[in-house]
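The residues making up each chain are set out below.
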Amino acid sequence: MNTPARPKKSFGQHFLHETRYIQRIVAAIAPRPDEFVVEIGPGEGALTLPLLKAAAKLTAIELDTDLIPGLQSRAAPVGELSIVHADVLKVDFTAMAHRHGVQKLRLAGNLPYYISSPILFHCVEHAASISDMHFMLQKEVVDRMAAEPGSKVYGRLSVMLQLACQVIPLFTVPPGAFRPPPKVDSAVVRLVPLEPAQRHDADPERLHAVVKAAFAQRRKTLGNALRQLLDADAIRRADVDPKARAETLAPSDFVRLAKIAPSA
Ligand code: SAM
């Protein structure tokens, strides 16, 4: 029997311990043995073991070396667990899918909150090789991801995520479900990458530049916020009012602006 590890703050470790939430997450994912499931940040295995039981085999990406031997021995009687010791931000999910001869991966994880946005942006880059993602995040982040134009929390994360995926918030998880409890509520979200026909065709770098500049100063009109990239006439040519503010634009408006923006 392994003694539980002391959670490390520097790795964003908050281990899930409430069975009822673990079961809800695994039921939402509902992994099948013919699927290639990848867990980000398995920790002590709260999700890994039930996922492994359902999927028979699983790949898990963990940065903290100290957790790996315990996880390996706990998983051995349950199924075939392959642990990749790496920073998830450096993992090429597209190459991983090719290497394993699968078209698409399913991603899951109770993410380390200190890098939740970088992980989301990284996964979006590989969206074409991912069939879905189920992530636990700060509730505030899930609210921003799913926010609609006009909402106070609608911003860069909402636009970039919604242009790549369907964002489906599932349920909230209270701090007491974790050891140690985080300071904030958490939530589980499902992300389903859009089909090729639904994806935008703007240059990703230009899109990033336009969205970043538009939301850098939320109170400014687009004419002002985008001054370095597009003048008022150009903004009008994209069928957008230069007097409008970024928070009122639909994600598709940013795509039209990106298409006429100069290269980054
Ligand atoms: N899945 C476990 C659970 O639910 O109890 C642990 C979740 S804990 C919030 C986040 C996990 O991600 C930890 O195991 C941590 O060591 C790992 N982690 C932190 N930074 C990481 C990174 N850059 N790449 C991969 N794993 C990371």
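Residues numbered from 1 in each chain as written. Predicted model: local features only at pLDDT ≥ 70, side-chain atom pairs only at ≥ 80, totals over all residues. Heavy atoms only, no water.

J.: So what's going on with the pattern of salt bridges? Residues and values would help.
T.: Tallied over the entire structure, the rule returns 14 salt bridges. The residue D132 makes a salt bridge to R106 at a minimum N-O spacing of 2.8 Å. With D132 in strand β6 (residues 130-138) and R106 in strand β5 (residues 105-110), the pair connects residues that are 26 residues apart, well separated along the chain. For D132, a relative accessible area of 12% corresponds to the buried category. Taking the shortest distance from any N to any O, the salt bridge between D201 and K259 comes out at 2.7 Å. (Salt bridge = Lys/Arg side-chain N within 4 Å of Asp/Glu carboxyl O. Helix = DSSP H or I, 4+ residues; strand = E, 2+ residues; numbered from the N terminus. Buried < 20%, exposed > 50% of the residue type's maximum accessible area, 1.4 Å probe, protein only.)

J.: Tell me about the side chain of N110, residues and numbers included.
T.: Tracing the backbone shows N110 in strand β5. Within the local environment of N110, its side chain forms a polar contact with the backbone oxygen of H14, the two atoms lying 3.3 Å apart. Aside from chain neighbours lying at most four places away, what touches N110 is H14, L16, I40, G41, L47, M136 and F178. (Polar contact = N/O pair within 3.5 Å; in protein donor to acceptor, adjacent residues only side chain to side chain. Contact = heavy atoms within 4.5 Å.)

J.: Go over the packing of helix α8 (residues 204-216) against helix α11 (residues 251-260), please, and point to the residues and values.
T.: It is at 8 Å that the axes of α8 and α11 come closest, and there the two elements cross at 115 degrees. Taken as a pair, α8 and α11 cross one another with a handedness that is right-handed. Residue-level inspection shows R206, L207, V210, V211, A214 and F215 of α8 in contact with α11, the latter providing F254, V255, L257, A258 and K259. Considered class by class, the residues forming the contact of α8 with α11 number nine nonpolar, no polar and two charged. (Axes fitted to C-alpha atoms, helices over the stretch in contact; angles between N-to-C directions. Left-handed = near helix turned anticlockwise from the far one by under 90°. Nonpolar A, V, L, I, M, F, W, Y, C, P; charged D, E, K, R; others polar.)

J.: How would you summarise the domain arrangement of the protein chain if you had to cite specific residues and measurements?
T.: When its domains are assigned, the protein chain resolves into domain 1 (9-197) and domain 2 (204-260). Here domain 1 and domain 2 have C-alpha centroids that lie 32 Å from each other. On the domain 2 side, the residues contacting the twelve residues of domain 1 number 15 residues. Summing both partners gives a buried area of about 1,000 Å² for domain 1 against domain 2, and 72% of it is carried by carbon and sulfur. Scanning the region where domain 1 abuts domain 2 turns up zero salt bridges. The interface formed by domain 1 and domain 2 includes four residue pairs in polar contact (both at pLDDT 80 or more). In terms of residues, the side of domain 1 that touches domain 2 owes the most to one element, helix α7 (residues 156-162), which gives four residues. Split by residue class, the side of domain 1 that touches domain 2 holds six nonpolar, four polar and two charged. (Domains from an automatic or database assignment. Buried area = accessible area lost by both parts, 1.4 Å probe.)

J.: Tell me about the side chain of E35, and name the residues and values.
T.: For E35, the position within the fold is in the loop between α1 (19-29) and β2 (37-40). In terms of polar contacts, E35 uses its side chain to reach the backbone amide nitrogen of R32, at 2.8 Å. Within polar-contact distance, the side chain of E35 engages the side chain of R106 at 2.9 Å. If we ignore the near neighbours within four places in the chain, the residues touching E35 are A30, K57 and R106.

J.: Go over the sheet that holds strand β9 (residues 186-193) with me, naming the residues and quoting the values.
T.: Read across the sheet, seven strands follow the order β4-β3-β2-β5-β6-β9-β7 without closing on themselves; strand pairing throughout is mixed. Since the sheet does not close on itself, it has two edges, and those belong to β4 (80-85) and β7 (165-173), each with one partner. Taking each pair of neighbouring strands and ignoring which way they run, the sheet shows an average axis angle of 20 degrees. Two elements, β6 and β9, share six bridges in a ladder whose sense is antiparallel. If you follow M133 over to β9, its bridge partner there is L191. Packed on one face of the sheet, helix α6 (residues 139-146) meets β6, β7 and β9 and runs near 135 degrees to β6. (Pairing = 2+ DSSP bridges.)

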